[in-house]
Protein chains: 2
Amino acid sequence: MSSSTVITNIATLVTNDPSRHGDSPLGLVRDAAVVIEGDRIAWTGASSKAPATDKRVDAGGRAVLPGFVDSHSHLVFAGDRTEEFNARMSGRPYSAGGIRTTVAATRAATDAELEANLTRLLAEALRQGTTTFETKSGYGLTVGDEARALRLAARHTDEVTFLGAHIVAPEYAEDPAGYVALVTGEMLDACAPHARWIDVFCEQGAFDGDQARAILTAGKERGLHPRVHANQLSYGPGVQLAVELDAASADHCTHLTDADVDALAGGRTVATLLPGAEFSTRAQWPDARRLLDAGATVALSTDCNPGSSFTSSMPFCIALAVREMGMTPDEAVWSATAGGARALRRTDIGHLAVGARADLTLLDAPSHVHLAYRPGVPLVSGVWRAGVRVV
Amino acid sequence: MSSSTVITNIATLVTNDPSRHGDSPLGLVRDAAVVIEGDRIAWTGASSKAPATDKRVDAGGRAVLPGFVDSHSHLVFAGDRTEEFNARMSGRPYSAGGIRTTVAATRAATDAELEANLTRLLAEALRQGTTTFETKSGYGLTVGDEARALRLAARHTDEVTFLGAHIVAPEYAEDPAGYVALVTGEMLDACAPHARWIDVFCEQGAFDGDQARAILTAGKERGLHPRVHANQLSYGPGVQLAVELDAASADHCTHLTDADVDALAGGRTVATLLPGAEFSTRAQWPDARRLLDAGATVALSTDCNPGSSFTSSMPFCIALAVREMGMTPDEAVWSATAGGARALRRTDIGHLAVGARADLTLLDAPSHVHLAYRPGVPLVSGVWRAGVRVV
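Reading the values: the criteria
For every chain, the first residue of the written sequence is number 1, and numbering continues from 1 onward in sequence order. Chain labels run from A onward and ligand labels from 1 onward, assigned in the order the entries are written. Residue-level local features of this predicted model are given only where pLDDT is at least 70; pairs of side-chain atoms are given and counted only at 80 or more, and the full residue set underlies all totals for whole chains, interfaces and linings. Side-chain figures throughout are based on the complete set of non-hydrogen atoms in the structure, without hydrogens or water. Only runs of H or I of at least four residues qualify as helices and only runs of E of at least two qualify as strands under DSSP, and these elements are numbered from the N terminus. A contact between two residues is defined here by any heavy atoms of the two lying within 4.5 Å. Where each domain starts and ends comes from a domain assignment, either automatic or drawn from a database. The quantity reported as buried area is the accessible area (1.4 Å probe) lost by two parts once they are put together, taken as the sum for both. Whenever two N or O atoms come within 3.5 Å, that pair is a polar contact, provided that in protein one can donate a hydrogen and the other can accept it, and provided that, for residues adjacent in sequence, both atoms are side-chain atoms. Note on pairing: DSSP must find at least two bridges between two strands before they are called paired. Note on geometry: axes are lines fitted to C-alpha atoms, helical ones only across the stretch in contact, with angles between N-to-C directions running from 0 to 180 degrees. A least-squares superposition brings the copies together, and it is based on the C-alpha atoms of residues with pLDDT no lower than 70 in both.

**What about the side chain of Thr 161 of chain A?**
Okay, step 1: As for its placement among the helices and strands, Thr 161 of chain A is situated in strand E7 (residues 159-165).
Okay, step 2: Those residues in contact with Thr 161 of chain A that lie beyond four places of it in its chain are Glu 134, Thr 135, Lys 136, Ser 137, Leu 150, Ala 195, Trp 197, Ile 198, Asp 199 and Arg 227 of chain A.

**Considering the domain arrangement of chain A**
All names here are of chain A.
Okay, step 1: Here chain A is described as being made up of domain 1 (4-67 + 351-389) and domain 2 (68-343).
Okay, step 2: Distance between the C-alpha centres of domain 1 and domain 2: 29 Å.
Okay, step 3: Counting from both sides, the interface comprises 18 residues of domain 1 and, opposite them, 18 residues of domain 2.
Okay, step 4: Summing both partners gives a buried area of about 1500 Å² for domain 1 against domain 2, and 69% of it is carried by carbon and sulfur.
Okay, step 5: Summed over the shared surface of domain 1 and domain 2, the number is six residue pairs in polar contact (both at pLDDT 80 or more).
Okay, step 6: Listed by contribution, the elements that provide at least two residues to the side of domain 1 that touches domain 2 are strand E4 (55-66), helix H14 (370-373) and strand E14 (380-385).

**Brief notes about the environment of Pro 226 of chain B**
Okay, step 1: Turning to its location among the elements, Pro 226 of chain B is positioned in strand E9 (residues 225-230).
Okay, step 2: Placed 63 residues apart in sequence, Pro 226 of chain B and Arg 289 of chain B show a C-alpha to C-alpha distance of 25 Å.

**As for the sheet that holds strand E5 (residues 68-70) of chain A**
Residue and element names in this part refer to chain A.
Okay, step 1: Reading across the sheet, the eight strands line up as E5-E6-E7-E8-E9-E10-E11-E12 and stay open at both edges, with parallel pairing between neighbours. The open sheet has two edge strands, E5 and strand E12 (298-300), and neither has a second partner. For this sheet, the mean inter-axis angle between neighbouring strands, taken without regard to orientation, is 25°.
Okay, step 2: As paired elements, strand E10 (residues 249-252) and strand E11 (residues 270-273) share three bridges and run parallel to each other. If you follow Ser 249 over to E11, its bridge partner there is Val 270.
Okay, step 3: Strands strand E6 (130-136) and E7 of the sheet are contacted by helix H4 (residues 143-154), whose axis makes an angle of about 165° with E7.

**A short note on the sheet that holds strand E6 (residues 130-136) of chain B**
Residues and elements named next belong to chain B.
Okay, step 1: What the eight strands build is an open sheet, ordered E5-E6-E7-E8-E9-E10-E11-E12; its pairing is parallel. Among the strands making up the open sheet, the edge pair consists of strand E5 (68-70) and strand E12 (298-300). Between one strand axis and the next, the sheet turns through 25° on average, direction left out of account.
Okay, step 2: Bridging between E6 and strand E7 (residues 159-165) involves three bridges; their strand directions are parallel. The partner of Glu 134 across the bridge, within E7, is Glu 159.
Okay, step 3: Strand contacts of helix H7 (residues 209-221): E7, strand E8 (197-202) and E9, with the helix running at about 175° to E8, the strand carrying the most contacts.
Okay, step 4: In this fold helix H13 (residues 329-343) packs onto E5, E8, E9, strand E10 (249-252), strand E11 (270-273) and E12, with an angle of close to 105° to the strand it touches most, E12.

**Regarding the relation of the copies chain B and chain A**
Relating one copy of the chain to the other takes a rotation about an axis and a shift parallel to that axis.
Okay, step 1: Expressed as a screw operation, the relation of chain B to chain A combines 0.0 Å of axial shift with a rotation of 180°, fitting to an RMSD of 0.0 Å. The transformation relating the two chain copies, once decomposed into turn and shift, fits a two-fold axis. The rotation axis passes nearest to the C-alpha of Gly 376 of chain B in chain B, at a distance of 2.6 Å.
Okay, step 2: The fraction of interface residues of chain B whose copies in chain A are also interface residues reaches 100%, indicating that both copies meet through the same surface.

Right, dumping it as structure tokens:
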């Protein structure tokens, strides 16, 4: 029989379970307790009414919320791009290779090196409250290197995404059609067994709408579900293609027409916003307010990668979303938890309803609002994943 | 005899000692070591040439820099203003009392409550690499409450600032001249023994140029050296008054005329920029680039306070300064260390020249650039203060 734990004396509990707790999407409970049985949530409610359990943890008047769900990251890579970042932010010219720099370093790395870097970043994210993360291939761009990235990622998460179509591999620079044929053929054969998702960078300079459609459709036929890097750097067909193909998520969504917003509001596809990328490239912020007001579902994620967004901090993304993207603190916290779960089509995480996976974050603060109110401060002081305290 | 420690295998050492190490203001040394003897720096140089010492610490290929010098904070207070922040960022009306809310809570608090809050925030700042901080009164606004704040602050830092002139005390709302007379009379008598600095909030709605001059001049006559909250919310006389009175620092500097910039460039007064305040109030960013290009000395600081900037994170301020204020990563790191020391007229901190106080921060990253390259990530993994490892 699994053991039970009650966390009591929680000043603010975010359940994301409004059907049980109030009418705000966050399902807030004040002076709350939560009961964990095994790896699941067994009960939430007023601290004074908490049932007896085997163990008791006193939250000391602090806040508890669902673990963050980081639904977009690129963590299987080698090398870093400090000098490229430094030059960009210093206004100095630098012959940056961009993604290609990381591709070369990743191909040259051993499995052990790649996995050590991956686990280092995962531990860092976990300490900041991230209990579920998606991660992608996309720095291999050969059949073997892409499959290797996915195999390594699958050791650490169920949410693995095949992104052979990150950019056209350098070897195919003069033959992009040949590369699309590889991605939809031999590479897909090698990668599909290791992934849940297929993704494509639909952007000028990467893959156009027709190429993206061919790649995502081929993936669907192999049982991979689509998600799309869409409308990051310019207007384009990515968002509407994502909705048309019922992608779980259209990621970035920085440059949107009214038709793009309407498509997101009318479909099941989540708009995943990645403010770390705009922060680290001094780019225009995505307009979360516009999407929310139209009725779209918005997720927040880090986009953690060594080129354009080398942050693993979901709290930082929440603070940026409030400062720069028109989200309220409540909306940003929802998007970083329940929103991320929707972007992964997961119903077992991102909330603390009875039966949910017991993924929780304890803040050194009395309320979830402090994630925006106290920007940059490492507030996460405890993390439970599947019922086990890991931080 | 004091013991000696060498920290070896430092990938990047920031000394801020260009006379000894290269011609960049940061005085960078790669593959470096630093020797601590007692509470002082005894040697810096190539790891391969490090002298023998009693103890040896392997930095593991990470970066070491001087501890951050946070030259502007407001840490003696009670209560928080979560709801005011939440309403502001959510576009909801809220009858905020602003500073007055904190004044009421601070007056009502016991000494023990105030000191517990202060030490909690200091510990939080220390974990993020801040080894020197200045802090102010300004939430008491009576003779007794101001003196109490300074006494409590002086138990924890030498850099204590009398800010009776934060706002006009509520009791003097109809008699601001009477409040200035109190600040420059009885309150100054009670406070001067406990402080090193005198500060005034020179701003519309607070104190005008004539009032500020009277207050700062009275403080100087009592041996307090001036620093000024200047030109935060609007153009005004604060910056030029600060330079005229040889204030150590003019803080905020958000709204500057060309004459203000020229004054700062021509005097000894440091321009202390506080991007946490602009972040948390969605205000216009100060233009660090303009100040640097004119030849002014720029410091970065948190302005940590419960109303307009509730961050204790110097790394966060560095990341903002690079993203939003036109600073290079090198400049921002210099301003958060050596710049802060200049703003406190201290020569013993903010750098790692031989003889400096052994205040060091070890990052979980190979270079100081990562403080901007990896925004929001808690990178500080070790802190020495006066030669003692405290984190």
